[in-house]
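Structural features, examined
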Amino acid sequence: MTTNQLRQSMKIYYYECVPNSIHPKLLELFSQYTPCELIEAPQRLTAALKAWDGKYDLGSLVSIALEFEDCRILILSNVDSHFHRWCTDQYCDAHWGCSSEYISVDCAPDHSRLANQLHECLHFLGVQDCYVENDPRHPPKGSCTNPSCVMRYGVSSTDICDSVAEQVVQHSNILLKDEGRA
Ligand SMILES: [Zn+2]
Ligand SMILES: [Zn+2]
C-alpha cells in the first residue's frame, strides 16, 4: 500500500458563487498530493455563506455552520465580492484569492482558475507560497527552482517545485503521526 492509501481523505466542501466555477480537473490534480473528496457545501453552510455580509468573522461563521466538523472549505468567488475583500484585508496582494489553513478563496480570472484553485488547495497541506511577501514585485523565493511552479505569484500552471514536493511529504508524515499510523 502507498502512503496515500493509508491516509484518511481530506474532505473539502466547495461553495460556488457562480455555478460551475470549480474546475473539473481540480480533484484529479489535487489527489496526486493527498487523498481528498470535493463535496458541494451542505445546505446549512451554503445558507450561511450566501447571507454573509462581510462583517462577521468568516472562520467563526463556517465553524458554527458546520458544527466544528473537520473539513476544509473552498470558496469559488470573484473580485467583486465580500470574499475577495476578506482576502485583500488580510493580504493586500491577494488579488486572486487567499488561504487561511482551513478556508481558501479563489477569485482568479477564468484562464487561471485551475492553477489558482490548485494553489489555494496546496495551502491546505501547509505548503507556503514560493514568492516573497510584502514585496510589490513578488519575486520568487530562492528555494523555488521551477519558474513555472504554481506556488509562485501569478503563475498559471499546474507544476510544482522540489520545495513544494518536500512540504507535501512533510505534511503527510505529520498527519500519519497524528493518525497513529507512523
Ligand atoms: Zn498562496
Ligand atoms: Zn515553488
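Read on for a plain summary of the structure.

Reading the values: the criteria
Residues numbered from 1 in each chain as written. Chains lettered and ligands numbered in written order. Predicted model: local features only at pLDDT ≥ 70, side-chain atom pairs only at ≥ 80, totals over all residues. Helix = DSSP H or I, 4+ residues; strand = E, 2+ residues; numbered from the N terminus. Contact = placed C-beta atoms within 7 Å. Buried ≥ 20, exposed ≤ 12 C-beta atoms within 10 Å, placed from the backbone. Arc of directions from axis to C-beta. Pairing = 2+ DSSP bridges. Axes fitted to C-alpha atoms, helices over the stretch in contact; angles between N-to-C directions. Core = buried A, V, L, I, M, F, W, Y, C linked by C-beta atoms within 7 Å.

1. Examining the environment of Phe 124
With respect to the element layout, Phe 124 can be found in the loop between helix 6 (113–123) and helix 7 (162–178). The spatial distance from the C-alpha of Phe 124 to the C-alpha of Asn 78 is 20 Å, given a sequence separation of 46 residues. With residues near it in sequence (within four places) discarded, Phe 124 still touches Met 10, Arg 72 and Ser 104.

2. Comments concerning helix 4 (residues 58–65)
Those residues of helix 4 lying buried are Leu 58, Val 62 and Ala 65. Summarising the axial view, the buried residues of helix 4 lie within an arc of 70°, below the 170-degree limit, and thus occupy one face. Against the buried residues of helix 4 lie helix 3 (43–51), strand 3 (72–76), helix 5 (82–90) and strand 5 (103–106). Of the residues trailing helix 4, Glu 67 is marked for its positive phi of about 50°.

3. Some details on the sheet that holds strand 5
Pairing is mixed across the open sheet formed by five strands, whose spatial order is 2-1-3-5-4. The outermost strands of the open sheet, each flanked by one partner alone, are strand 2 (36–40) and strand 4 (97–99). Strand-to-strand twist across the sheet, computed as the mean angle between neighbouring axes with direction ignored, equals 20°. With three bridges joining them, strand 4 and strand 5 adopt antiparallel strand pairing. Across the sheet, the residue bridging to Gly 97 is Asp 106, located in strand 5.

4. Let's talk about the nonpolar core
The biggest cluster of nonpolar side chains holds 46 residues, and the ones touching the most others in it are Tyr 15, Leu 122, Cys 149 and Met 151. At the level of secondary structure, the elements contributing two or more residues to this core comprise strand 1 (10–16), helix 2 (26–30), helix 3, helix 4, strand 3, helix 5, strand 5 and helix 6. Discounting residues that sit within four places of it in the chain, Tyr 15 has contacts with Ala 41, Leu 45, Thr 46, Leu 49, Ile 73, Ile 75 and Leu 76.

5. Details of unusual backbone geometry
With a phi angle near 75°, Glu 101 is a residue other than glycine that sits in the positive phi range. With 10 C-beta atoms counted inside 10 Å, the residue Glu 101 sits in the exposed group. Phi angles above zero are rare outside glycine, and Asn 134 is one such case at about 60°. Along the chain, Asn 134 falls in the loop between helix 6 and helix 7.

6. Some thoughts on the pairing of strand 1
Counting buried positions over the seven residues of strand 1 gives five, a clear majority of the element. As paired strands, strand 1 and strand 2 are joined by five bridges and run parallel to one another. Among the inter-strand pairings, Lys 11 is bridged to a residue of strand 2, identified as Glu 37. One ladder, built from five bridges, connects strand 1 with strand 3; its direction is parallel.

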